[in-house]
Amino acid sequence: MKNRKFERNRRLAKQYHRNQHHNQFEKGILVYHDYSEREPNELSWWDDVAFILGKVRVVVTWRHPRCVYWDKIEDAALEAAHHLYPHSEDDKFFQTEKNHKKVGRSRKKVHYHVLLPNEERRKWGDAVEAEKIRLRKEADFIITPSIKVEMLTHYRYVSIVAPIEIRNVEELRQLADLVRRILNRETTLETEFPDYAYGKTQWLAEGWSEQSLYKSSH
């Protein structure tokens, strides 16, 4: 029995792509990032790509298991310091100063807001950072490959966690090909990465407990 919502969204997604694609996919995939400054052996964290399958856009967000591991550390650190964060809107905790930009000869408008120093917010921030430092050495999470697929009104959305590296367009194509084959039921994550798990051993071996952690844009 067909899923009416799925079929409706697929029909709308086909219509959207037909009206919007122009020449975006002339190279087979839609590349969102610039890889010109990436190092050949650099470890990667996350990326995005889009391609066409069955006249529908497939938009993919990918994370390496190390990225998920770090996200869990951040979540755990925020949870540990939650008691220091105000449970209601605290005017002093969130107090800002307006920065104005001149408009014309005599008028000014607010350009952006800057958070003013606050001792309670500093304590909260210090507690979060201290917990991150501790967890980077002591946390023991297990991350396995996973995939989630949704049919939305403009495209088919895929969120995937897989132990691959993406440092150039060719490796990005390999991600798109992997997702395409999974959607076509030609393979599975279990087949591609049998018994794979990323945990404390891998995290420490890559040196993230000590070195300055920098998550690049992909």
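Treat the numbers as computed from the prediction; the structure is a model and nothing was measured. (Residues numbered from 1 in each chain as written. Predicted model: local features only at pLDDT ≥ 70, side-chain atom pairs only at ≥ 80, totals over all residues. Heavy atoms only, no water.)

Visitor: I would appreciate a short explanation of the confidence of the model for the protein chain in the present structure.
Guide: Interpretation of the predicted coordinates at a detailed level should be avoided for regions scoring low in pLDDT. A residue-level look at the protein chain finds 74% of positions with pLDDT of 70 or above and a mean pLDDT of 84. Mean pLDDT per element in the protein chain: helix α1 (residues 4–20) is the minimum at 59, and helix α5 (residues 189–192) is the maximum at 98. (pLDDT = per-residue confidence, 0-100. Helix = DSSP H or I, 4+ residues; strand = E, 2+ residues; numbered from the N terminus.)

Visitor: Please explain the environment of Phe-141 as it appears in this structure.
Guide: The topology assignment puts Phe-141 in the loop between α3 (119–138) and β6 (146–151). In this structure Phe-141 comes out as partly exposed when scored by relative accessible area, which is 21%. The residues contacting Phe-141, other than those within four sequence positions of it, are Tyr-69, Lys-72, Ile-73, Tyr-198, Gly-199 and Lys-200. (Buried < 20%, exposed > 50% of the residue type's maximum accessible area, 1.4 Å probe, protein only. Contact = heavy atoms within 4.5 Å.)

Visitor: I tried to follow the nonpolar core on my own but got confused; where do I start?
Guide: Generally speaking, a soluble globular protein has its nonpolar side chains buried in company with each other. Within the largest apolar cluster, 22 residues are counted, with the highest numbers of intra-cluster contacts made by Phe-51, Val-58, Val-60, Ile-160, Leu-175 and Val-179. Listing elements by their share of this core, those giving two or more residues are β2 (46–53), β3 (56–63), β7 (156–161) and α4 (169–183). Top element by residues in this core is α4. It accounts for 7 residues. Membership of the second largest hydrophobic core comes to 16 residues, among which are Tyr-69, Ala-81, Ala-139 and Val-161. (Core = buried A, V, L, I, M, F, W, Y, C linked by side-chain atoms within 4.5 Å.)

Visitor: Would you mind going over unusual backbone geometry with me for this structure?
Guide: With the exception of glycine, most residues fall at negative phi, and the peptide bonds are largely trans. In this structure, Lys-55 takes a positive phi of about 65 degrees despite not being glycine. Relative to the assigned elements, Lys-55 resides in the loop between β2 and β3. Accessibility expressed as a relative area gives 65% for Lys-55, which makes it exposed. Positioned with a positive phi, Asp-195 is a non-glycine residue whose angle comes to about 60 degrees. Relative to the helices and strands, Asp-195 is located in the loop between α5 and α6 (200–205).

Visitor: So what exactly am I meant to see when it comes to the sheet that holds β2 here?
Guide: By definition, the strands of a sheet pair up through backbone hydrogen bonds, in either a parallel or an antiparallel sense. Taken together, the 5 strands give an open sheet; going across it, the order is β1-β2-β3-β7-β6, and neighbouring strands pair in mixed fashion. The sheet is open, and its two borders are formed by β1 (29–31) and β6, each paired with just one other strand. In this sheet, neighbouring strand axes are inclined to one another by 20 degrees on average, regardless of whether the strands run parallel or antiparallel. Seen against the sheet, helix α2 (residues 65–80) touches β2, β3 and β7 and runs at an angle of roughly 65 degrees to β3. Taken strand by strand, α4 contacts β1, β2, β3, β6 and β7, and its axis lies near 55 degrees from that of β2. (Pairing = 2+ DSSP bridges. Axes fitted to C-alpha atoms, helices over the stretch in contact; angles between N-to-C directions.)

Visitor: I keep staring at the packing of aromatic side chains and nothing clicks. Help me out?
Guide: Each aromatic ring pair is described using two quantities: the centre-to-centre distance and the angle formed by the ring planes. Going through the model one piece at a time under the given rule, you end up with 7 aromatic pairs. Note on Tyr-69 and Phe-141: the rings are 5.4 Å apart at their centroids and 75 degrees apart in plane angle, and the pair reads as edge-to-face. Taken together, the residues span a long stretch of sequence, with Tyr-69 in helix α2 and Phe-141 in the loop between α3 and β6 at a distance of 72 residues. Judged by relative accessible area, Tyr-69 falls into the buried class, the value being 0%. Within the aromatic cluster, the residues linked to one another by ring pairs are Trp-45, Tyr-69, Trp-70, Phe-141, Tyr-198, Trp-203 and Trp-208. (Phe/Tyr/Trp six-rings, centres within 6.5 Å; stacked < 30°, edge-to-face > 60°.)

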